[in-house]
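# Secondary and tertiary structure notes
Each chain is listed here by its residues.
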Amino acid sequence: MSEQTPTDLQLEFQINGRNMKRRAQPHQRLLDFIRDDLALTGAKEGCGAGECGTCSVFVDGKLVKSCLMPVAKANGTKIETIEGLAGWGGDLTPVQKAFHKTGASQCGYCIPGMVMAATSALRENPKADIEEIKERLGGNICRCTGYTKIFEAVEMARDVLSGEANAAVLEADGAGKSYIGNNVRRLDAPSKVAGRLRYAGDMVMPGMLHMQVLRSPHAHALIKSIDTSEAENLPGVACVITADDVPGEDGFGVFVHDQPIMARGRVRYVGEAIAAVTADDMLTAVRAASLIKVEYEPIAAVFDSEEAMQNGAPVVHDYAPDNIVKHIPIRKGDVEQGFADADLVVEQSYDTQAVEHAYLEPEAGIAYVDHDDVVTVVSPSQNITHHRHMLAKIIDRPINKVRFIMSPVGGGFGGKEDMIYQGMLALSAMKTGAPVRLVYTREESIISTAKRHPARITYKMGLKQDGRITAVSFRMISDGGAYGLSTEGVMRKAAILACGPYNIPNVQIDTYGVYTNNTPSGAFRTFGAMQSQFATESHMDICAEKLGLDPFEFRRINMMQNGAVTHTQQQLGSVSIGRVLEAAEKASRWETGPVSMRGQERADLGGDDTRPPCTLGARFRKPGDDDRQEVA
Amino acid sequence: MLTCDQYHMPTSLADALVLWQDAPEGTQLVAGATDILPWAREGRAGDVHLPAMIDLSRVPELDGYTLDDGRIRLGANVVYQQFLTDEKLRALLPCMPYCSVWFADDQIREQATLAGNIVNASPAADGTPPMLALNGELEIARLENDDIARRNIAIDDFIKGPGTTDLKPGEIVTAVICDTLEGYGGSFQKVGQRRSLVISSVCAVACIKLDEATGKVADIRLALGGISPVPLRLTKTEQLLTGKRLTREMIVEAARQPADLVASRTRREYRRVVVRGFVEAAIEDALADCGAAVPDAETRETADV
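Note that the structure is predicted; figures quoted are calculated from it, not measured.

## Description of the overall build of chain A
Counting secondary structure elements, chain A contains 18 helices and 20 strands. Taken over C-alpha atoms, the radius of gyration comes to 28 Å for chain A, in line with the 26 Å a tight globule of 632 residues would show. With respect to the principal axes defined by its C-alpha atoms, chain A has extents near 80 × 70 × 50 Å. The buried share among the 632 residues of chain A stands at 56%. Intrachain contacts of chain A at a sequence separation of at least 6 include 75% that bridge at least 24 residues. Placing the 68 positive and 80 negative side-chain charges of chain A at their respective mean positions leaves the two points 5 Å apart.

Given below as C-alpha cells:
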C-alpha cells in the first residue's frame, strides 16, 4: 500500500435541511461519512456491496445506495437520510406510521432502508400499484417479514397520502376486551421506522478502538508460528491478540466447549479467527492485520460427514477420534417385525443443504472494562447468560466481574447464539483499557459463522395396503462442521421430531452430528426439525402415491390423536394435526384423490388468494398488456 | 476495502483528459462507481489501494443525448434509469426500458451508466447486447498536443474479451452512439438468481418492425449476452427471419440455431436450453411490444429449465 498522504476532500452539502462544511477522506463512502462523521446511524450497512438496500439515502432527490457512492459525489448536493424524513423531533411521516401500523418492522434493521425506498416509490409515483411498489422496492432485502406487511404498509401510506383513505387508519386499532385477535402495534416500532434504534454497530463510546480479525485461509492446518510484531509496531495499533493471550480456560460452545476464541495451534475451517488487531481506526486495523505473518502446515481435511465417520478419516478434534459430536438413538417396538409385517417397504434418501441465516445485521459488538473492573460486552447475542458464564472462565474472572448486555438483534434466527467474537472483544478491551468495537463485514459473517446443518437422511417405511404405517427406520447424518456449537441439541430435536405427528408402532431413529472441516453448523430456525420434517413429509407423499391413496387421507390414517404417546414416551394431551390437515386441504383447494389420478388441468392453482409470479416493467406496462415479461 | 490517495472530480472534458493522461499508474476512471466498490472486497479483489480515482460524473460534455439522422449520441454519463424515465428515449430505443428494468435496481440505475457497463466488458453485461443489436459504437476522446482528438469504434471491435477492450492509455469513452428504432417493438430477457440486482447468466434482446402492408418482418435485431466471452449479435438468425411472415415453426426454428453459439466456461447445457427459450421469448415479446399478433402464442414451447 502506498505511503503517500491522502488528500482530504473539502465538502459542502446540505443534510436533512442543514448546511454543512466538512473534510472527508478521499476513499470514504457516503455511508461511512454519514454514519461515522455525522453520527447519523439510521442508514445501516447490511452488505457493503449494493445488494441489500439498508443504506438507502436520497441525494438530490434520488434514492441511492450510500455504500456504493464515494463521498466526493455528495459534494454540493442535498442529502436526506431517514432521520430527516419527519424533520428533527417531528411527527412520523405517513409511510413511517403505516410501517408501524401494519407491523412491517420486526428486527428493524432493514426498515430505515425500506422506509426510504417506500418513500421514494411514492414520491416517484404517488399512484404506484402493488406491482410497481414491489418493483421499486426490489433493491431492498428484508429477512424477517416476508415482505407482505411491508407492501401492505406502502399501499396504506399511498392511500392516505392520496386522500383515498382516512389518516385514522394509521392510528392504533382499539384492543377491545382482549389483545388476542386484535391488531396491536409494536411498542418498539417507532424507533425502528425512524432509524433511531441503535444496534451494536451503531454504538460509539469515547476513545473507542476498532477491531479487525485475521482469518484462516486453510480448512485444516497446524499453526507453526504467528508473528504479530510488524502489526504491533504499526502506528495506531493498540494491541494484537492470539490464543496465547487467553488467561483462562479457553473454549465455548452451546453444549460442548470445544471452540477456542481464536484458533489454538490448529485451524479447523476456512474463516476461523487466528488473531485480532485493535487500532485507532478501521483502516489501520485492516492494514495491521495484513502484516501478521502466520506459518501454517496444512494437514489432511475431511469435508463429507459420511467420510468423516469412516475409519482412518482425518480426526478434527482429538477428544472425538470417531468425529462424532453426538449420536442420538431412539428405539420403540420391534422394527424388524414391523418391516416383516409390511405389505410394502419404501426406502429413499433425502439431502438438505447448509443455509446461511442472512440476518440483515452482520455480527457486531462493543466491549469495555467499566470503573468497577467489570468486563462488559454489548452484542446482539441470543444467549447472553450462557455467554457470560463461558466468558468468565475464558478470561478467568469471577462471574460478578463479567457482564453481557444484549443490544437490539437485527435478525438472529439462531445464528447469534454462538459466542463467536465476544471473547476477542472482551480480551482486547482488557488489554487496551479502552472500549473496542468489532463490526463484521457481510463476507466475514458468511464465512465464519454457523450455518443450518446439512443432512443426509435415509428413510425406510413399512406400510400395509390399507395405508397403516408398520415401521420406520430413520438415519440422519448431519455435517456439524468444525466445532460443536448447537449440534447436540439439533440432533436431539431432529430425533425427537423425526417421525412427524404420526402414530408409528415400531421406530428406529439414529441422528448423528459429525465433525468435518466445513464451516460449523449451529442453531437455525426449527433447530433440526426442518431437516427431519422435509424427509418425513416428502416420504409420506411418496408412500401415499405408491399406495394409490390421497396424501391427506394417508396422513389421517396415521396421524396421532389426543392422548397419543410419542416415540419418546411423551403423552400429548391435545394433538392438532387433524385440524392442520383440514385447514391445509381447504386453503390449498386440494382436489381429493391420489396424486397419480390428477390430470393436467389443475383447479387448485392461481386462485384469488394467490399472487402471480413477480413481474418487472410495471411502470411502463401499456393498457391491455398481459404479464409477458415474466421471470424465467 | 477500497482506498485511494486522491479523488478527482473534473468539471470539463479537457481537465479530465489532462488528469487521466498524467495520472499515476493504477489510477482508475469511474463514472457511477457502482462496480468498483463491490469489486474491492473480500472474495473478489480484496483490499485495493489506488493512487487516484478520476470521477467523470461532473463532466458536462458527457451529459445528455443528441439525435442525428437515425442515430443517437448518448453521452457517457447517461444512466440506466433514464431509459426508463425519459419518454423520448423509451420511444427511440424500444428495447432499452426492458433492459434497464432488469438492470440492478432503481437506486443503482440512478448512478450506473451505460457507457461504464460497456467499458467494463463483462461477458454478462446487460447493456452490451442491446447496443450490438442497435449497431452501437463508442466515441472515444484523447489529448493530442493539448487538443481533444476523437475516434469512433464499433462496440463489436471495442470489446476484445472478458474485461479486455481496445481502450488505449489516456483515452476516455465520451459517448455511445447507436441506431434509433422508433416504431419497433423491443424486448429483453434475463435470467439470474434473483429478480433485482442480479448478474445475467444469460440475456437476450430483440427489436422488431413489421411491414404494415404485408405483415412481413421489415427488420429484426437479435443479440445474446452471458453465453460466450463477448456478447453476440445473431446476424444469421436475423437474416433467416427478415422478409418473412412469422409462423410458430419459424420462431421455434430460429431459436434453435443460436444454442450452438454457447461457449461459456460453465453450465453450458443449461445455457443452451435457456438460449432457445430466450430467443423465442425475445421475438414474441418484441412482437407484442409493437402491437403485433404473436403466432400461436398458446402453443409456445416452454424451455424445460
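## A short note on the packing of helix 3 (residues 94–102) of chain A against helix 4 (residues 111–124) of chain A
For any two helices packed against each other, the geometry is given by the interaxial angle and the distance between the axes. All names here are of chain A. At a minimum axis separation of 10 Å, helix 3 and helix 4 run at an interaxial angle of 125°. As the angle between them shows, helix 3 and helix 4 are arranged oblique. Both helix 3 and helix 4 take part in a crossing whose hand is right-handed. In this structure, helix 3 uses Val95, Gln96 and Phe99 to contact helix 4, whose residues at the interface are Ile111, Met114, Val115, Ala118, Thr119 and Leu122.

## What to know about the pairing of strand 14 (residues 364–369) of chain A
Residue and element names in this part refer to chain A. The buried fraction of strand 14 is high, at five of six residues. Pairing analysis gives four bridges linking strand 14 to strand 17 (residues 436–439), with the strands arranged antiparallel. Residue pairing across strands places isoleucine 366 opposite arginine 437, the latter belonging to strand 17. For strand 14 and strand 15 (residues 375–379), the ladder comprises four bridges, and the chain directions are antiparallel. Within the sheet, the bridge partner assigned to isoleucine 366 lies in strand 15 and is valine 378.

## Regarding the packing of helix 17 (residues 551–558) of chain A against helix 18 (residues 577–587) of chain A
All names here are of chain A. Close contact between helix 17 and helix 18 brings their axes to 11 Å; oriented N to C, the two are set at 175°. Here helix 17 is positioned roughly antiparallel relative to helix 18, judged by the angle of their axes. Facing Phe552, Arg555 and Arg556 of helix 17, the residues of helix 18 in contact are Leu581, Glu582, Ala584 and Glu585. Here the contact of helix 17 with helix 18 is built from residues that sort into three nonpolar, no polar and four charged.

## Concerning the environment of alanine 523 of chain A
Along the chain, the position of alanine 523 of chain A falls in the loop between strand 20 (506–515) and helix 16 (529–547). Separated by 244 residues in sequence, alanine 523 of chain A and alanine 279 of chain A place their C-alpha atoms 32 Å apart.

## Topic: the interface of chain B and chain A
At the junction of the two partners, chain B supplies 49 residues and chain A supplies 58 residues. Overall, the association of chain B and chain A removes approximately 4500 Å² of surface from exposure, summing both partners, and the carbon and sulfur fraction of that is 52%. When the shortest N-O distance is used, the salt bridge between aspartate 106 of chain B and arginine 619 of chain A registers 2.6 Å. Counting across the chain B and chain A interface gives 14 residue pairs in polar contact (both at pLDDT 80 or more). Secondary-structure elements contributing two or more residues to the side of chain B that touches chain A are strand 1 (2–8), helix 2 (36–39), strand 3 (48–55), helix 5 (96–102), helix 6 (106–109), strand 11 (185–191) and helix 12 (268–289) of chain B.

## Digging into helix 18 of chain A
Residues and elements named next belong to chain A. Along helix 18, the residues that are buried comprise Ile577, Leu581 and Glu585. For helix 18, the arc enclosing every buried residue in end-on projection is 70°, short of the 170-degree limit, so these residues lie on one face. Seen from the open side of helix 18, the exposed residues pointing more than 90 degrees away from its buried face are Arg579, Glu582, Lys586 and Ala587. Against helix 17 lie the buried residues of helix 18. Just past helix 18, the residue arginine 589 takes up positive phi, approximately 50°.

## Some details on the pairing of strand 15 of chain A
Residues and elements named next belong to chain A. With five of five residues buried, strand 15 lies mostly within the body of the structure. Side chains Val375, Val377 and Ser379 of strand 15 all project onto a buried face; the interleaved residues Thr376 and Val378 project onto the opposite face, where all are buried too. Joining the antiparallel neighbours strand 14 and strand 15 is a turn of five residues, in which aspartate 373 adopts a positive phi near 65°. One ladder, built from five bridges, connects strand 15 with strand 16 (residues 402–406); its direction is parallel. Bridge pairing in strand 16 links valine 377 to phenylalanine 404. You can see the chain leave strand 15, run along helix 12 (residues 384–394) and come back into strand 16, and the turn it takes is right-handed.

## A look at the sheet that holds strand 7 (residues 221–227) of chain A
Residues and elements named next belong to chain A. One open sheet holds the three strands; their spatial order is 9-7-11, and the pairing between them is antiparallel. Two strands lie at the open edges of the sheet, namely strand 9 (266–267) and strand 11 (293–298), each paired on one side alone. Inspection of the sheet shows strand 7 paired to strand 11 by six bridges, in the antiparallel sense. Across the sheet, the residue bridging to serine 225 is glutamate 295, located in strand 11.

## Here's the deal with the sheet that holds strand 7 (residues 147–154) of chain B
All names here are of chain B. Pairing in this open sheet of five strands is antiparallel, and the strands run 4-5-10-6-7 from one edge to the other. Edge positions in the sheet fall to strand 4 (65–68) and strand 7, since each of these pairs with one other strand and no more. The mean angle between the axes of side-by-side strands here comes to 25°, regardless of whether they run parallel or antiparallel. Examined bridge by bridge, strand 6 (residues 137–144) and strand 7 share eight bridges and lie antiparallel to one another. By the bridge assignment, alanine 141 is partnered in strand 7 with arginine 150. Sheet strands touched by helix 1 (residues 13–21): strand 6, strand 7 and strand 10 (172–179). Its angle to strand 6, the strand with the most contacts, is close to 70°.

## With respect to the pattern of salt bridges
Here the structure, examined in full by the defined rule, presents 58 salt bridges over all chains. Put simply, glutamate 45 of chain A and arginine 41 of chain B hold a salt bridge, and the shortest N to O gap is 4.0 Å. Of the two residues, glutamate 45 of chain A is situated in the loop between helix 1 (30–37) and strand 3 (56–59) and arginine 41 of chain B in the loop between helix 2 and strand 3; the pairing between them involves two chains. Residues arginine 73 of chain B and glutamate 139 of chain B are paired through a salt bridge, measuring 2.8 Å at the closest nitrogen-oxygen approach. Here arginine 73 of chain B, found in strand 5 (residues 71–75), pairs with glutamate 139 of chain B, found in strand 6; they are 66 residues apart in sequence, far enough to count as distant. Residue classification places arginine 73 of chain B among the partly exposed residues on the basis of a relative accessible area of 22%. By relative accessible area, glutamate 139 of chain B is classed as buried at 8%.

## Remarks on helix 6 (residues 148–161) of chain A
Helix length check: helix 6 of chain A, at 14 residues, gives a terminal C-alpha distance of 20 Å against a target of 20 Å (1.5 Å per residue), a fit within 8%. Looking at helix 6 of chain A, one finds that the buried residues are Ile150, Phe151, Ala153, Val154, Met156, Ala157, Arg158 and Val160 of chain A.

## What about the domain arrangement of chain A?
Segmentation of chain A into domains returns domain 1 (9–193) and domain 2 (306–356 + 451–558). Measuring from the centre of the C-alpha atoms in domain 1 of chain A to the corresponding centre in domain 2 of chain A gives 44 Å.

## Overview of the nonpolar core
The biggest cluster of nonpolar side chains holds 93 residues, and the ones touching the most others in it are Leu74 and Leu93 of chain B. Broken down by element, the residue count for this core peaks at five residues, all from helix 5 of chain B. Not counting residues within four places of it along the chain, the set of residues in contact with leucine 93 of chain B comprises Ile72, Leu74, Phe83, Leu134, Cys178, Asp179 and Thr180 of chain B. The next biggest cluster of nonpolar side chains, apart from the first, holds 41 residues, and it includes Leu63, Leu92, Ala128 and Tyr199 of chain A.

## Re the domain arrangement of chain B
When the parts come together, some accessible area is lost, and that loss is often what is quoted as the size of the interface. In terms of domains, chain B is made up of domain 1 (2–55), domain 2 (60–179) and domain 3 (185–303). Taking the mean C-alpha position of each, domain 1 of chain B and domain 3 of chain B sit 37 Å from one another.

## Concerning unusual backbone geometry
One non-glycine residue, phenylalanine 527 of chain A, lies in the positive phi region at around 50°. Take phenylalanine 527 of chain A: it is sitting in the loop between strand 20 and helix 16. You can call phenylalanine 527 of chain A partly exposed: its relative accessible area is 23%. Phi angles above zero are rare outside glycine, and asparagine 135 of chain B is one such case at about 55°. Note that asparagine 135 of chain B resides in the loop between helix 8 (128–133) and strand 6. Overall, asparagine 135 of chain B belongs to the partly exposed group, its relative accessible area being 35%.

Conventions and cut-offs
- Residues numbered from 1 in each chain as written.
- Chains lettered and ligands numbered in written order.
- Predicted model: local features only at pLDDT ≥ 70, side-chain atom pairs only at ≥ 80, totals over all residues.
- Heavy atoms only, no water.
- Helix = DSSP H or I, 4+ residues; strand = E, 2+ residues; numbered from the N terminus.
- Rg over C-alpha atoms; globule rule 2.2 N^0.38 Å.
- Buried < 20%, exposed > 50% of the residue type's maximum accessible area, 1.4 Å probe, protein only.
- Contact = heavy atoms within 4.5 Å.
- Lys, Arg positive; Asp, Glu negative; His and termini not counted.
- Charge placed at Lys NZ, Arg CZ, Asp CG, Glu CD.
- Axes fitted to C-alpha atoms, helices over the stretch in contact; angles between N-to-C directions.
- Parallel < 35°, antiparallel > 145°, perpendicular 65-115°, else oblique.
- Left-handed = near helix turned anticlockwise from the far one by under 90°.
- Pairing = 2+ DSSP bridges.
- Nonpolar A, V, L, I, M, F, W, Y, C, P; charged D, E, K, R; others polar.
- Buried area = accessible area lost by both parts, 1.4 Å probe.
- Salt bridge = Lys/Arg side-chain N within 4 Å of Asp/Glu carboxyl O.
- Polar contact = N/O pair within 3.5 Å; in protein donor to acceptor, adjacent residues only side chain to side chain.
- Arc of directions from axis to C-beta.
- Right-handed = clockwise from strand over helix to strand, strands pointing away.
- Expected span 1.5 Å × (residues − 1).
- Domains from an automatic or database assignment.
- Core = buried A, V, L, I, M, F, W, Y, C linked by side-chain atoms within 4.5 Å.

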